[in-house]
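What follows is the residue order along each chain.
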Amino acid sequence: MSTRSILVIKLGALGDFFFAQPAFEAIRRRHAGDRLVLLTIPSLADLAQRSGRFDAVWTDPRGRSPAAYWAVRRMIRGGGFARVYDLQTQKRTNRYFYSLFPGPWPEWSGTAWGCSHPDRTPDRRALPGPERYARQLAQAGITVEPWPDLSWLDADIGRFALPPGPFALLIPGSSPDRTDKRWPVDRYAALAERLAGRGMTPVVLGGPNETPLAARIRTLCPQTVDLTGKTDLAAIAGLARRAACAVGNDTGPTHLVGAVGTPSLVLLSDAFPIFQSVGRHAAPLYHPTFDTMDVDEVLAAVTLRMAAV
């Protein structure tokens, strides 16, 4: 059988990238002898290359001008793809399909009208990402396993010089435009105190913009280690592999931590109540509003996650 070129489209954010890992693995298995190319956003390109699942990683131009769409059209035409798996399935990527008019078109799995392998899942946008991808690929004859192999993502954490003994990861932030997804920082501080009382070092993860959250937690729990703005994705994975547990909001680093297998708790409210994870030991804790989610309940839930491993 001759080698074919296959394109996977997955743009989106960090959490979405990890939700798609089982789908990436399944496509790679199905096309083991083919050339597999991923089209993604620039910030995820390095991560995709490190995974070893793709023979090439291309970056999307991200513009909305006719010239940007024409550039993607040239990329797809020039790639000579036999099949495209559009896992993004938004208006933008549907337009990539339409831009190939007047054809010929490659086989195409997605939601674009007229594509060869349409995803007909009802209310698909109400589904968690991992389930949505699995159902889409099932309609293209591909079975997705639930737990991805992320052994390729790790790092030495010695440079952080953490105190000896077990440590717990706390992820109190979220994207700047979704602060409604944040459990109150003072409750994270109280949780840090309780964990420290059990002999665990609380370690706060997040970007530079979340350093004020870590500072507040440290004010109330001085044993806390602040690593906000000091970790790349590999370092987060390295910390997660060695952590006793993790508690975080619905945000990319929380999903990364859960994906590598850490006993972890994702705190959810009606701001976004859908639980999404590809972590074997990750679980949700949901209240309609964070006002009613207290520290005792969170501590009991994460303790249960640790006991279940």
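All of these numbers come straight from a predicted model, not from anything done at the bench.

### Let's talk about the overall build of the chain
- Along the chain, the regular secondary structure elements total eleven helices and twelve strands.
- Taking 19 Å as the expected radius of gyration for a compact globule of 309 residues, we find that the chain reaches 21 Å, a close match to that expectation.
- Judged by the C-alpha coordinates and their principal axes, the chain covers about 65 × 40 × 35 Å.
- Relative to its 309 residues, the chain shows a buried fraction of 56%.
- Sequence-distant contacts in the chain: of pairs separated by 6 or more residues, those separated by 24 or more amount to 62%.
- A total accessible area of about 13,300 Å² is found for the chain, and carbon and sulfur atoms account for 54% of it.
- The positive charge centre, built from 36 side chains, and the negative charge centre, built from 28, are 7 Å apart in the chain.

### Points about the sheet that holds strand β1 (residues 5-9)
- With parallel pairing, the six strands of this open sheet are ordered in space as β3-β2-β1-β4-β5-β6. At either end of the open sheet lies a strand with only one pairing partner, and these are β3 (56-59) and β6 (117-118).
- Both strand β4 (residues 83-86) and strand β5 (residues 107-110) contribute to a ladder of three bridges, which runs parallel. In the strand pairing of β5, Y85 is matched with S109.
- Together, β1, β2 (35-40), β4 and β5 form the strand contacts of helix α5 (residues 91-98), whose direction differs from that of β5 by roughly 165 degrees.

### Some details on the nonpolar core
- With 70 residues, the main nonpolar core has V8, F18, W108, L169, L205 and L239 as its most contacted residues.
- The element best represented in this core is helix α9 (residues 233-242), accounting for six residues.
- Non-local contacts of L239, meaning those with residues more than four positions away in its chain, are made with I157, F160, L162, F167, L169, L205, L227 and T231.
- In terms of nonpolar packing, the next biggest core, distinct from the first, is built from 26 residues, W183, Y188, A189 and L267 among them.

### Topic: the layout of surface pockets
- If you add up the space inside the largest pocket, you get close to 770 Å³.
- In this structure, the largest pocket is lined by 38 residues; those nearest its centre are A13, L14, G15, T251 and G252.
- Listing elements by their share of the lining of the largest pocket, those giving two or more residues are α1 (14-19), α6 (129-138), α9 and α10 (252-259).
- Counting residues per element, the lining of the largest pocket draws most heavily on α1, at four residues.
- By residue class, the composition of the lining of the largest pocket is 15 nonpolar, 14 polar and nine charged.
- Considered as a void within the structure, the second largest pocket measures approximately 150 Å³ in volume.

### Thoughts on the sheet that holds strand β9 (residues 225-226)
- Reading across from one edge, β9-β8-β7-β10-β11-β12 is the order of the six strands in this open sheet, with parallel pairing throughout. Every interior strand has two partners, whereas the edge strands, β9 and β12 (282-286), have only one.
- Packing against the sheet, helix α7 (residues 185-197) makes contact with β7 (167-171), β8 (201-204), β10 (245-249) and β11 (264-268), and its axis sits at approximately 175 degrees to β7.

### Looking at the environment of E210
- Relative to the helices and strands, E210 is located in the loop between β8 and α8 (211-220).
- E210 gets classed as buried once you look at its relative accessible area, which sits at 13%.
- Remark: the alpha-carbon pair of E210 and L36, spanning 174 residues in sequence, is separated by 37 Å.
- Excluding anything up to four places from it in sequence, E210 contacts G173, S174, R182 and T228.

### Points about the packing of α9 against α10
- Contact geometry for α9 and α10: axes closest at 9 Å, N-to-C directions at 50 degrees. Judged on the interaxial angle alone, α10 and α9 are oblique. Considering the relative orientation of α9 and α10, their crossing is right-handed. Contact residues: L233, I236, A237 and A240 in α9; P253, L256 and V257 in α10.
- Per-class residue counts for the contact of α9 with α10 are seven nonpolar, no polar and no charged.

### Here we look at the pattern of salt bridges
- Per the counting criterion, the structure on display carries 14 salt bridges.
- Here D154 and R242 are joined by a salt bridge, their closest N and O atoms 2.9 Å apart. Of this pair, D154 sits in the loop between α6 and β7 while R242 sits in helix α9, and the two are 88 residues apart along the sequence.
- What makes R242 partly exposed here is its relative accessible area of 40%.

Conventions and cut-offs
- Starting afresh in each chain, residues are numbered from 1 along the sequence in its written order.
- The predicted nature of this model means local features are confined to residues of pLDDT at least 70 and side-chain atom pairs, given and counted, to a pLDDT of 80 or more, with totals for whole chains, interfaces and linings taken over all residues.
- Here the side-chain values reflect all heavy atoms present in the structure, with hydrogen atoms and water set aside.
- For the purposes of this entry, the term helix denotes a DSSP run of H or I that reaches at least four residues, the term strand denotes a run of E that reaches at least two, and both are numbered from the N terminus.
- Here the radius of gyration uses the C-alpha set of atoms, whereas the globule reference equals 2.2 Å times the residue count to the power 0.38.
- Each residue is placed in one exposure class: buried if its accessible area under a 1.4 Å probe, protein chains only, is under 20% of its type's maximum, exposed if it is over 50%, and partly exposed if it falls in between.
- Here a residue-residue contact requires only that any non-hydrogen atoms of the pair lie within 4.5 Å.
- Note on areas: these come from Shrake-Rupley sampling with a 1.4 Å probe, and a residue is covered only by the protein chains present in the view.
- Think of it this way: Lys and Arg go in the positive column, Asp and Glu in the negative one, and His and the chain ends go nowhere.
- For the purpose of locating charges, the reference atoms are NZ of Lys, CZ of Arg, CG of Asp and CD of Glu.
- Strand pairing requires that DSSP identify at least two bridges connecting the strands.
- Note on definitions: angles span 0 to 180 degrees between N-to-C directions of axes, and those axes are lines fitted to C-alpha atoms, for helices only across the stretch in contact.
- Residues grouped as a nonpolar core are buried Ala, Val, Leu, Ile, Met, Phe, Trp, Tyr and Cys residues, joined through side-chain atoms within 4.5 Å.
- The distinction between a cavity and a pocket rests on a 1 Å grid over the protein atoms alone: a 1.4 Å probe fits inside a cavity but cannot get out, while a pocket stays open yet meets protein on both sides within 12 Å along at least five of seven lines, and a residue with an atom within 4 Å of a point counts as lining.
- Grid points are joined across faces, edges and corners, and a volume is the space filled by probe spheres set on the points.
- The classification used treats Ala, Val, Leu, Ile, Met, Phe, Trp, Tyr, Cys and Pro as nonpolar, Asp, Glu, Lys and Arg as charged, and all other residues, Gly among them, as polar.
- Working definition: roughly parallel below 35 degrees, roughly antiparallel above 145 degrees, roughly perpendicular at 65 to 115 degrees, and oblique for all remaining angles.
- What makes a crossing left-handed is the near helix being turned counterclockwise from the far one by less than a right angle; a clockwise turn instead makes it right-handed.
- Each reported salt bridge corresponds to a side-chain nitrogen of Lys or Arg within 4 Å of a carboxyl oxygen of Asp or Glu.

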